[in-house]
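# Chains, contacts and geometry: an overview
The lines below spell out each chain.
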Amino acid sequence: MIFATHKVVHSLTEKNERAVTDLRRAQTYMERELEMAREIQRHLMPHTPPQIEGAAIYSRYIALSQVGGDYLDFLLGEKRVGILVADAAGHGVPAALVATMAKMALDGLQASMDSPPALLRGLNAALLDRTNQTFLTGLYAVFNTETRELRYCMAGGPPPFLLQPGRPARQLPGRGSLLAILPEMKLQEQRIVLQPGDAVVFVTDGILECRDARGADMTEEQLTSLLSGLSGAAPADIVPLLIRELRKFVGSRGFEDDVTLVVLAA
């Protein structure tokens, strides 16, 4: 009886060891696949903002996991630049796939870069019924470096913020329909002429989903206050300083969503 029991225990131990080995192999395989997906996504995103005469652009993208659902891109034309920031609902691989689809769609919309409503409607049409009801929030803006006019449309998500030296930061107006939900979008094109020294900050929803130690979300008023404290900073310093303030706000909780921000300095 003792010998039989020993054989059973030995057999169970071997099965457990094989199961653990199989799980480790599966984990290694998934990690390798995720790393490949991260590399593909990294190559789809712009490595650095474009260098254009008459304006300066600074950006930062922080993915919550190996692959992220935020999407940032730029379109270039003569004396103008288009800026798209978007956030696919959710996290991880599903959101990253939708963000990648947005990238593929944007590549075919260069002809619409001068019209924020036309570009967002084109993007919506390309994504509709293809994302399994995963929607995106976003904003597209185009800046003319000659006239200094900024035109933009929002498709949900946080509004842009205007920073002017010596003044409190100001939320710019605008609202609009989400992307990839309905065939017809309600959009409001907004226009503003920037003065030398002005900066506009574009962010995705992840910043307003930052939580403090008590678990309270950051409000638009709190974000406006943070940005007001940066209104006198050099444009190149706004992004790292804002990231630093956000990390102080969340503390040990860390970020709980992908974070993307862009600064356009006139």
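See above for the structure.
What you see is a predicted model; the values in this text were computed from it and never measured.

The next point concerns the overall build of the chain. A count of helical and extended segments in the chain gives six helices and 10 strands. Evaluated residue by residue, the chain yields a buried proportion of 44% over its 266 residues. Considering only contacts in the chain between residues 6 or more positions apart, those separated by 24 or more positions represent 71%. Of the roughly 13,800 Å² of accessible surface on the chain, 55% is carried by carbon and sulfur atoms.

Moving on, we come to a nonpolar patch on the surface. The grouping of F135, L178, I181 and L182 at the surface amounts to a nonpolar patch, some 300 Å² of accessible area in total. Residue placement: L178 occurs in the loop between strand 7 (170-171) and strand 8 (190-193). Of the residues examined, L178 reaches a relative accessible area of 33% and is grouped as partly exposed.

By size, the foremost hydrophobic cluster in this structure holds 26 residues, and its most contacted members are Y71, L84, L119, L120, L123, L136 and Y140. The set of elements that each furnish at least two residues to this core consists of strand 2 (70-77), strand 3 (80-88), helix 2 (92-106), helix 3 (116-127), strand 4 (136-144) and strand 5 (149-155). The element best represented in this core is helix 2, accounting for six residues. Among residues more than four places away in sequence, those in contact with L123 are L84, A102, A105, L106, L109 and L179. Counting 25 residues, the second largest nonpolar core, distinct from the first, contains F161, V203, I243 and V263.

Its location among the elements puts D205 in helix 4 (residues 205-208). Here D205 is buried and forms no salt bridge, its nearest opposite-charge partner R211 lying at an N-O distance of 13 Å. At 2.5 Å, the side chain of D205 and the side chain of T137 are in polar contact. Ignoring any residue separated from it by four or fewer positions in sequence, one finds D205 in contact with D87, T137, G157 and P158.

In terms of burial, strand 4 is a largely internal element, eight of the nine residues being buried. Of the pairings in the sheet, the one linking strand 3 to strand 4 comprises nine bridges and is antiparallel in character. Across the sheet, the residue bridging to G82 is V142, located in strand 4. Where strand 4 hands over to strand 5, the hairpin turn is made up of four residues, of which R148 adopts a positive phi near 65°.

Take V262: it is sitting in strand 10 (residues 259-265). Exposure remark for V262: the relative accessible area of 0% places this residue in the buried category. Between the C-alpha atoms of V262 and I83, which are 179 residues apart in sequence, the distance is 8.6 Å. Sequence-distant contacts of V262, that is, excluding residues within four places in its chain, are made with I57, Y58, S59, L72, F74, I83, V85, V200, V201 and F202.

So, on to the pairing of strand 10. Burial of strand 10 is extensive: seven of the seven residues sit out of reach of the surface. Of the two faces of strand 10, the one carrying V259, L261, V263 and A265 and the one carrying T260, V262 and L264 are both buried. Where strand 1 (residues 56-62) and strand 10 come together, seven bridges link them in antiparallel fashion. Opposite A56, over in strand 10, you have A265 as the bridge partner. Across five bridges, strand 9 (residues 199-203) lies against strand 10 in antiparallel orientation. Opposite A199, over in strand 10, you have A265 as the bridge partner.

Procedures and definitions
- Residue positions are given per chain, counting from 1 as you read along its sequence in written order.
- Thresholds applied to this predicted model are a pLDDT of at least 70 for local features of residues and 80 or more for the giving and counting of side-chain atom pairs; totals over whole chains, interfaces and linings are not thresholded and use all residues.
- Neither water nor hydrogens contribute to the side-chain values; these are computed over all heavy atoms in the structure.
- Per the convention used, a helix needs a DSSP run of H or I reaching at least four residues, while a strand needs a run of E reaching at least two, with both numbered from the N terminus.
- The cut-offs for exposure are 20% and 50% of the maximum accessible area for each residue type, with area from a 1.4 Å probe on protein chains only; residues under the lower value are buried, those over the upper are exposed, and the others partly exposed.
- The criterion used for residue contact is that any of the two residues' heavy atoms lie within 4.5 Å.
- Reported accessibility uses the Shrake-Rupley method at a 1.4 Å probe radius. Residues are deemed covered only where the shown protein chains occlude them.
- Think of a patch as exposed residues, more than 30% relative accessible area, with no salt bridge, where like charges cluster within 9 Å and nonpolar side chains (Val, Leu, Ile, Met, Phe, Trp, Tyr) cluster within 5 Å.
- Note on definitions: salt bridges are taken to be side-chain nitrogens of Lys or Arg within 4 Å of carboxyl oxygens of Asp or Glu.
- Nonpolar core, defined: a set of buried Ala, Val, Leu, Ile, Met, Phe, Trp, Tyr and Cys residues in which side-chain atoms within 4.5 Å join the residues together.
- We score Asp and Glu as negative and Lys and Arg as positive, and we do not count His or the chain ends.
- For the purposes of these results, a polar contact is taken to be a pair of N or O atoms within 3.5 Å, where, inside protein, one atom must be able to donate a hydrogen and its partner to accept one; residues adjacent in sequence count only when each atom of the pair is a side-chain atom.
- Pairing between two strands is assigned when DSSP locates at least 2 bridges connecting them.

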